[in-house]
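Chains, contacts and geometry: an overview
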Amino acid sequence: MLKKIYLQIMRPNNKLALFFLVLLFTISCFNLLSYCSNIVCPEIEREALLSFKESLEDPTNMLSTWNVSADVNCCNWKGVVCSNITGGGHVHQLRLQGFLRGKMNPSLVNLKHLTYLNLSQNAFEETIPYFIGSITSLEYLDLSNAGFYGTIPHTIGNLTNLRTLRFEGGYYENDDNDVSRLDVDNLDCLLGLSRLEQLIMNNVNLSRASNWQQVINTLPSLVELRFTYCSLHFSKPPLNNNITTSLAILDISDQGKFRSFAIPSWIFRLNNLIYLVLRGYSFYGPIPNISNSTKLQRIDLSFNNFNSTIPDWLYSLKDLEFLNLRGNYLQGTLSNGIANLTSLNTLDLTTNHLSGEIPRGITANLCKMQSLDLSGNNFQGEISDWFGNMSDCFLGSLEYLNLARNQLSGHLPAQFGDFKSHKSIGLDSNNLSIPINTGKLPPLESLYLDDNNLIGNLPESFGQLLNLKYLNIEDNKLEGVVSEIHFANLTKLKQFSASGNHLTLNVSPDWVPPFEKIYLLALGSWDLSEGGQIPTWIEKLNLNKLDLSSTGISGIVPSWIWKIIYLDLSHNQLHDNIPNLISDTRYIYLSSNRFTGSLPQVSADVSEIDLSNNSFSGGLSHFLCEMNETYSTDFLHLGGNQLSGEIPDCWMRWSSLTYLNLGNNILSGNIPNSIGFLKGLRSLNLNNNKIFGRLPFSLRNCTLLMKIDLGNNDLYGSIPSWMGTGIADLKFLILRSNKLSGEISLDICHLNSLQILDLSDNRFSGIIPSCVDNFTAMATKRSLSQYMETYIWLFGDSASVVTKGSVLKYDNTLALVTNIDLSNNNLSGGIPEELTSLVELRSLNLSGNHFAGLIPQSIGDMRQLESLDLSRNSLSGEMPNSFRGMSSLNYLNVSYNHLIGRIPESTQIRGFNASSFIGNDDLCGPPLTSNCSSSDGPKNREDNHESGDRPSSKIEWLYVFVSLGYAVGLSVFCTTLIFKKSWREAYYEFMEEMWNKVYVYFYLKWKKLRKTSG
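Below: a short report on this structure. (Residues numbered from 1 in each chain as written. Predicted model: local features only at pLDDT ≥ 70, side-chain atom pairs only at ≥ 80, totals over all residues. Heavy atoms only, no water.)

Within the protein chain, the secondary structure is distributed over 14 helices and 65 strands. Evaluated residue by residue, the protein chain yields a buried proportion of 50% over its 1014 residues. Expressed as a percentage of contacts within the protein chain between residues at least 6 apart in sequence, the contacts between residues at least 24 apart total 53%. Working note: accessible area of the protein chain is about 46700 Å², and carbon and sulfur atoms make up 52% of it. (Helix = DSSP H or I, 4+ residues; strand = E, 2+ residues; numbered from the N terminus. Buried < 20%, exposed > 50% of the residue type's maximum accessible area, 1.4 Å probe, protein only. Contact = heavy atoms within 4.5 Å. Areas by Shrake-Rupley, 256 points an atom, 1.4 Å probe, with all protein chains shown as cover.)

This is the structure:
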């Protein structure tokens, strides 16, 4: 019918009819628009809005249209939405998110038909007004980040029509503790909101709402729940028969690093759940083995403390698209069942303890995979076994691949060149060899191959990666020449990190690099072939970071280079004075050069400064104090120069420091009291100077210190008690070669994190405290996290330790070192048995003291001990046989004591030099030349049975002759009785007579005793 009308109208002689049809349509639309525009809000609602406006500040003029002189109809005002469905053009919605300030006027309660109220992103700076609970028509309420603070009122419970409730709170400004601005007494006000579908209360403090789980599971319509950063408690789980079934979206992440709970079991009984986020330091223990949540599409359990295997139910989620288990302690292998997750597009298992092989099903079956991150685990084997036969669909979909920090080996498979839309490959920190033909990867934007075993030349095909922006090949074994061809088409390159190789750069002096957008260039350890000068073509680049360390460059540093934010020119032959660095440079590494003159003044914004191991001279005052600035520097290393004079007392200007090293200079005077302003200091190094005086009391304010090295100075006095009780995190205490005296205080035993205790070459007296077994870092095997904490905070730090008879310097492995050195003092008494409980100790030196008594029998329990020096004391007795079990021992010195007996025999001890045992009274046996068996010396006592000192090992001939005389006399007497009958009969008669006399004597005595007692 419509087709016939259309054909009729479109006839040539019916054009007039077409005109009237169009006219009719236009009039109809006009009438409709006129009807819509004629909706006029009631006067009472207009007045309510005007009163609301009058109480507010509007710096952005968002409410400028709210003006009756311009438009009396409030339905036309900005942010106001009216509806005529109920008649009368009532205000139904207020959308006023912006920058309003002031206090809310209760006139809003006159908007009887208001269903939608959004006041988010404002700055009201007041508590949430109670009258909000009187707008009972509301179905949508959003007061997120609107400047409200304090307790959310219970009147919210009156809004029984609510479907959406959003209270996202912020934090108080300038509050380092991240205290939420909003909180609740409890969540009972939600119990009557049966229609509520969406509840979002992120950043609201719910720590007092202990029954929140019970409340949530009484909301029958709830679909979405987001409680992130809420300080939740999980101590009271809901009843088993009271679980909401409607919940589809659940996010209860980030409840705080110091709040950790087992994952609530009710979560995995939510059979309609599709979105689950439990991210961020809140949960520990196993992931539950059973789950009814079979519809899950997104799971994020990252950055928790889950320590189980990946549960099998997870591999059956056919709708799962996103899985993030990053940053946990998950163990075991990755099941082949992962190939069942055919909808998966993102898989992140970074930084766990997963091991074994990578399932082939990932690269064969997961055709929608876009991002695959398995980095930071213990996956092993040949990379070509899993990525050498990838499916076409996998090659076409994958954009991001990260396999870094595993134990993968072998050659990179050629099929890597077949990725269709790949943008990033991370293979760093493995054991891979020669790179692929990179020219087959035109879409690639990022390539990370650093910290592998790549050998040979750098392929020229790198120059064909047209889209490459980030390239990192640091710390490999690449060699050969790099020419302009390698960079020919890298016009988009932004980062090029290639330090730690043996490459030679060969470009023309007037070379113009094609990568104009590059901001990071790292060529450390390269041969720059520019006559030993800093290449001039670098000046043409707008760099933020430049690393030319260990490149052999020399000469004077050009002035243009000081504008670079991150500058590393260390370990070269650069010389001359350095100008004042009041520039943009924030990271300055100029160590191990030949710079001279005074220290340059630096900007207060510099973060890290390393000018160590040069020839700077003069004092410190002009560098530290003259600019009258407050510095934000956290790393300052001026050690290994020729700086002199006293240490200035202006450290209050450097309060951001976490690392300070002034060691190996010629500084003198006292340690200034202002050192106590460095409350964030982690490492203090003033060693090898001429500093004198006592340790300042203000140092106790530096409570975060992990390392104190004041060795080789002229400090005197005793170790203050606050050092043991006030610096609980101290791990390395080095006070070697000073003039310190007194007894070793019991307070030092509070330092249970201590790894190095070096008090050698001082004047300490008294005994070793028996509480040394409190040094738990030396007594127990430390976890990976404890080791990593030390490594991260003291990264780049070093310490010199006397061990194995020589001075050894530890830097990268400092976090692994455990050492006690009390040598060359006036200590006395015995070696306490408790000392041998430090079974993780690697080096122990008690030489040059006055220790006496026995070596503890339990010395053999210290099986990790690599160096033991007990020489030059007054130890006596025998060496315990438990020495035989000390298989790690590769240095032993017990010389110049009063030890006796046989040296315990073991392969380890036989390998020591005889000088380790000389100067004792009567030690014998290998490796000494005196043979215990030939002189019939005394045998070793058995462990844990005999005690006490043995007499001399010399043969006592008196006892030998007496014994022989007794044996000969007895044998002559017995032989005579056997062969001479008369003597035998006389002997027996004598013995019988003597027996009778004895028997009669005792019988009479016994009878007399009975008579007396009766």
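Counting across every chain of the model gives 21 aromatic pairs. Geometrically, the ring pair formed by phenylalanine 487 and tryptophan 511 is tilted, given 5.9 Å between the ring centres and 45° between the ring planes. Linking phenylalanine 487 in the loop between β31 (477–483) and β32 (495–497) with tryptophan 511 in the loop between β33 (502–506) and β34 (520–522), this pair joins segments that are 24 residues apart in sequence. Its relative accessible area of 6% is what places tryptophan 511 among the buried residues. Consider the rings of tryptophan 511 and phenylalanine 515, whose centres lie 6.0 Å apart with planes at 80°: the pair is edge-to-face. Neither tryptophan 511 nor phenylalanine 515 differs from the other in exposure class; each is buried. Through successive ring pairs, a cluster of aromatic residues spans Phe487, Phe496, Trp511, Phe515, Trp526 and Trp537. Here the basic side chain of arginine 95 rests over the ring of tyrosine 116, its NZ or CZ set 4.1 Å away from the ring centre. (Phe/Tyr/Trp six-rings, centres within 6.5 Å; stacked < 30°, edge-to-face > 60°. Lys NZ or Arg CZ within 6 Å of the ring centre and 35° of its normal.)

Compared with an ideal rise of 1.5 Å per residue, which puts 12 residues at 16 Å, helix α3 (residues 43–54) spans 16 Å between its outermost C-alpha atoms and is within 8% of the ideal. Turning to α3, its buried residues are Glu45, Arg46, Ala48, Leu49, Leu50 and Phe52. Those residues of α3 that are buried are in contact with β1 (56–57), β2 (80–83) and β3 (90–95). (Expected span 1.5 Å × (residues − 1).)

Along any regular strand, the residues point their side chains to alternate faces of the sheet. Here strand β58 (residues 826–829) runs beside strand β60 (residues 850–853); their pairing, made up of 2 bridges, is parallel. Bridging from a neighbouring strand, serine 828 pairs with histidine 850 of β60. (Pairing = 2+ DSSP bridges.)

Inspection of the sheet shows strand β54 (residues 763–766) paired to β58 by 2 bridges, in the parallel sense. Within β58, the position partnered with glycine 766 by the bridge is leucine 827.

Our next topic: the sheet that holds β31. The 3 strands lie next to each other as β29-β31-β33, forming an open sheet whose pairing is parallel. At either margin of the open sheet sits one strand with a lone partner, and together these are β29 (455–456) and β33. Bridge analysis of β29 against β31 gives 2 bridges, and the strand direction is parallel. Following the sheet pairing, glycine 456 is matched in β31 by leucine 478.

Here we come to unusual backbone geometry. Across the junction of proline 926 and proline 927, the peptide omega takes the value 10°, indicating a cis bond. Mapped onto the secondary structure, proline 927 falls in the loop between β65 (922–924) and α13 (957–979). Backbone geometry at serine 525 places phi at a positive 75°, although glycine is not the residue there. Even without glycine at this site, asparagine 824 takes up a positive phi of about 60°. With respect to the element layout, asparagine 824 can be found in the loop between β57 (819–821) and β58. Judged by relative accessible area, which is 27%, asparagine 824 ranks as partly exposed.

Across a sheet, strands are paired by hydrogen bonds formed along the backbone, either parallel or antiparallel in direction. Here 3 strands make up an open sheet; going across it, the order is β14-β16-β18 and the pairing parallel. Only two strands of the sheet have a single neighbouring strand rather than two, namely β14 (261–262) and β18 (305–306). In the sheet, strand β16 (residues 283–285) pairs with β18 via 2 bridges, with the strands oriented parallel. Counterpart to tyrosine 284 in the pairing with β18 is asparagine 305.

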